[in-house]
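The lines below spell out each chain.
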Amino acid sequence: MGMNNTPAGERVHIGFFGRRNAGKSSLLNAVTGQELAVVSEIGGTTTDPVYKAMELLPMGPVMMIDTPGFDDEGTLGEQRIKKTVQVLEKTDAAVLVVDAVEGRNACDDELEKLFKEREIPYLVVYNKADISDNKITNVINVSAQTGEGVHELKEKIAALVPAGKVRPLVSDLVKPMDVVVLVVPIDSAAPKGRLILPQQQVIRELLEAGAVTVVMRECELSQFFARNPAKPAFVITDSQVFEEVAAVVPADVPLTSFSILMARYKGFLKMAVEGVQAIDRLQDGDRVLIAEGCTHHRQCDDIGTVKIPRFLKQYTGRELVIETASGTGFPEDLTPYSLIIHCGGCMLNEREVLRRMRFADRQGVPVTNYGIAIAQMKGILGRSIEYVHI
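Given the structure is predicted, the values throughout are model-derived calculations rather than measurements. (Residues numbered from 1 in each chain as written. Predicted model: local features only at pLDDT ≥ 70, side-chain atom pairs only at ≥ 80, totals over all residues. Heavy atoms only, no water.)

**Q** So, the overall build of the protein chain: which residues are in play, and what are the values?
**A** Helices and strands together make up the secondary structure of the protein chain, namely 13 helices and 14 strands. Counting all 390 residues of the protein chain, 52% fall into the buried class. Here the analysis covers contacts within the protein chain between residues at least 6 apart in sequence; of these, 72% occur between residues at least 24 apart. Taken as a whole, the protein chain presents about 18,100 Å² of accessible surface, with 52% of it coming from carbon and sulfur. (Helix = DSSP H or I, 4+ residues; strand = E, 2+ residues; numbered from the N terminus. Buried < 20%, exposed > 50% of the residue type's maximum accessible area, 1.4 Å probe, protein only. Contact = heavy atoms within 4.5 Å. Areas by Shrake-Rupley, 256 points an atom, 1.4 Å probe, with all protein chains shown as cover.)

Structure follows, in structure tokens:
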């Protein structure tokens with residue numbers, strides 16, 4: 001997968017924050033070596049966060065984010081500040097850009113406080129070093145104009161986020177030459193001509209682990225078992241056909257879903273398994289929020305808006321109030337809900353997914369995800385997490 005094809009959710013997100021006209025956009029352009037953010041002498045030129053994918057060594061693929069000035073005035077300014085705080089929720093590392101000519105002020109202190117509250121590693125950078133007489137030590141002095149200090153800044157940004165151990169998606173569950181069957185339904189809701197992201201990622205990781213990957217639709221599965229007496233080491237299915245697949249796969253063959261693997265990979269499988277128990281406690285009139293990380297084109301039999309509500313009604317027999325949220329539209333106040341069922345989160349980075357989970361947890365609202373909710377309602381959750389280390 002080429003650098004430019006690295007999914008946004010897999011990139012380290014680095015946000016540039018600061019006051020209007022501190023030179024955030026110019027500095028970001030200097031760091032990335034490409035004109036991507038609008039630059040002008042007038043403060044407040046950046047009105048919406050600007051996202052730019054690039055490669056930053058030794059960190060690898062990153063997403064650079066240019067944010068609006070944090071000291072904006074008026075109602076529109078308040079909207080921009082809100083957007084800046086939203087960006088913070090998905091930021092893995094932050095760069096606070098201070099205008100070296102004007103020096104620090106309360107606005108910079110406020111941003112630094114927000115970084116600390118969210119435990120985001122950050123750097124403080126004094127821009128416009130070429131025209132200031134800033135004598136402060138222990139800070140990075142740069143000039144977006146002349147390029148002074150930009151190389152040092154790039155190295156410091158790259159060192160901000162420790163490479164750390166990447167959580168495996170599936171490679172720790174298989175051995176080289178294991179036969180792994182992936183069940184991928186191709187129905188009206190499947191994207192034409194391509195596989196969805198979790199399927200691509202699982203295939204890629206299985207190939208790297210030296211496993212033999214066999215991909216098929218659910219309608220070919222029983223024929224496959226009839227013709228192949230040697231049982232596969234693992235079967236991974238799309239959640240939507242969990243029930244049909246579980247009926248075909250022999251009880252002694254490990255079975256799980258892409259969604260469960262994705263929950264483990266993003267670090268919230270344990271919370272989602274605990275949260276799903278709330279389905280059994282739902283009462284008439286309870287509100288359930290179904291949240292999607294991305295805004296894809298809805299199909300006639302869409303999983304979030306059609307299938308899961310149908311499964312909930314069949315399973316609980318209750319009259320529920322079901323609401324949906326997609327993309328960045330995740331509510332601040334979750335207390336009206338008795339349960340949140342979130343998608344796999346493949347288009348969100350780990351910080352954003354975990355933020356949503358912890359956010360719900362702090363408000364005392366049970367949260368789970370699509371695959372785990374479906375497995376629970378189909379009576380196969382125990383089986384589907386049995387071989388997956390939580």
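Alright, that's what it looks like, and here's the rest.
**Q** Run through the confidence of the model for the protein chain, naming residues and quoting values.
**A** In this model, the protein chain carries an average pLDDT of 80, and 78% of its residues clear a pLDDT of 70 or more. Across the protein chain, strand β7 (residues 179–183) holds the top mean pLDDT of 96, while helix α2 (residues 74–88) sits lowest at 68. Contacts of residues 35–46 to residues separated by more than four positions or lying in other chains number 29 contacts, the stretch itself having pLDDT below 50. Contacts of residues 296–301 to residues separated by more than four positions or lying in other chains number 13 contacts, the stretch itself having pLDDT below 50. (pLDDT = per-residue confidence, 0-100.)

**Q** Residues and numbers for the sheet that holds strand β9 (residues 234–237), please.
**A** With respect to topology, 4 strands assemble into an open sheet ordered β8-β7-β9-β10, the strand pairing being parallel. A single partner strand is all that each edge strand has here, and the edge strands are β8 (212–216) and β10 (255–257). Across the sheet, the mean angle from the axis of one strand to that of its neighbour is 25°, orientation sign disregarded. As defined by bridge partners, β7 adjoins β8 across 5 bridges and the pair is classed as parallel. If you follow Val 179 over to β8, its bridge partner there is Val 212. Its contacts with the sheet place helix α8 (residues 258–265) against β7, β9 and β10, and it is angled at close to 70° to β10. (Pairing = 2+ DSSP bridges. Axes fitted to C-alpha atoms, helices over the stretch in contact; angles between N-to-C directions.)

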